[in-house]
Amino acid sequence: MLNSLVFKPNRVVEKQKFVQNQSAPIYYRLPRSKLYVGSYYAIFAVGMVSTAYGAFQLIKGKPAGE
């Protein structure tokens, strides 16, 4: 029952050679890394723009009439 979970071949050396032989930057070497890095950059950009917008609104303040 648990044989498929317990008795798995060790593929660490194969994966290590695969990653180390690539010439791409380290953050692009693994599978789906472009998706992860792109998502991180998108979330970071939204956060920075939101922070800048909030700071600008605080600096601008309310109109004098209110």
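Basis of the calculations
Residues numbered from 1 in each chain as written. Predicted model: local features only at pLDDT ≥ 70, side-chain atom pairs only at ≥ 80, totals over all residues. Heavy atoms only, no water. Helix = DSSP H or I, 4+ residues; strand = E, 2+ residues; numbered from the N terminus. Rg over C-alpha atoms; globule rule 2.2 N^0.38 Å. Buried < 20%, exposed > 50% of the residue type's maximum accessible area, 1.4 Å probe, protein only. Polar contact = N/O pair within 3.5 Å; in protein donor to acceptor, adjacent residues only side chain to side chain. Contact = heavy atoms within 4.5 Å. Salt bridge = Lys/Arg side-chain N within 4 Å of Asp/Glu carboxyl O.

**A closer look at the overall build of the chain**
The helix and strand tally for the chain stands at 3 helices and 0 strands. Traced from its N-terminal end to its C-terminal end, the chain shows the element sequence α-α-α. Its C-alpha atoms give the chain a radius of gyration of 24 Å, more than 25% over the compact-globule value 11 Å for 66 residues. Projected onto its principal axes, the C-alpha positions of the chain cover 75 × 40 × 10 Å.

**Observations regarding the side chain of Ser33**
Among the structural elements, Ser33 can be located in helix H3 (residues 33-60). On the accessibility criterion, Ser33 (7% relative accessible area) is buried. A polar atom in the side chain of Ser33 sits 2.8 Å from the backbone oxygen of Leu30. Dropping the residues within four chain positions of it, Ser33 is found in contact with Tyr27 and Tyr28.

**A closer look at the pattern of salt bridges**
Tallied over the full model, the rule gives 1 salt bridge. For Arg11, the salt bridge goes to Glu14, with nearest N and O atoms at 3.7 Å.

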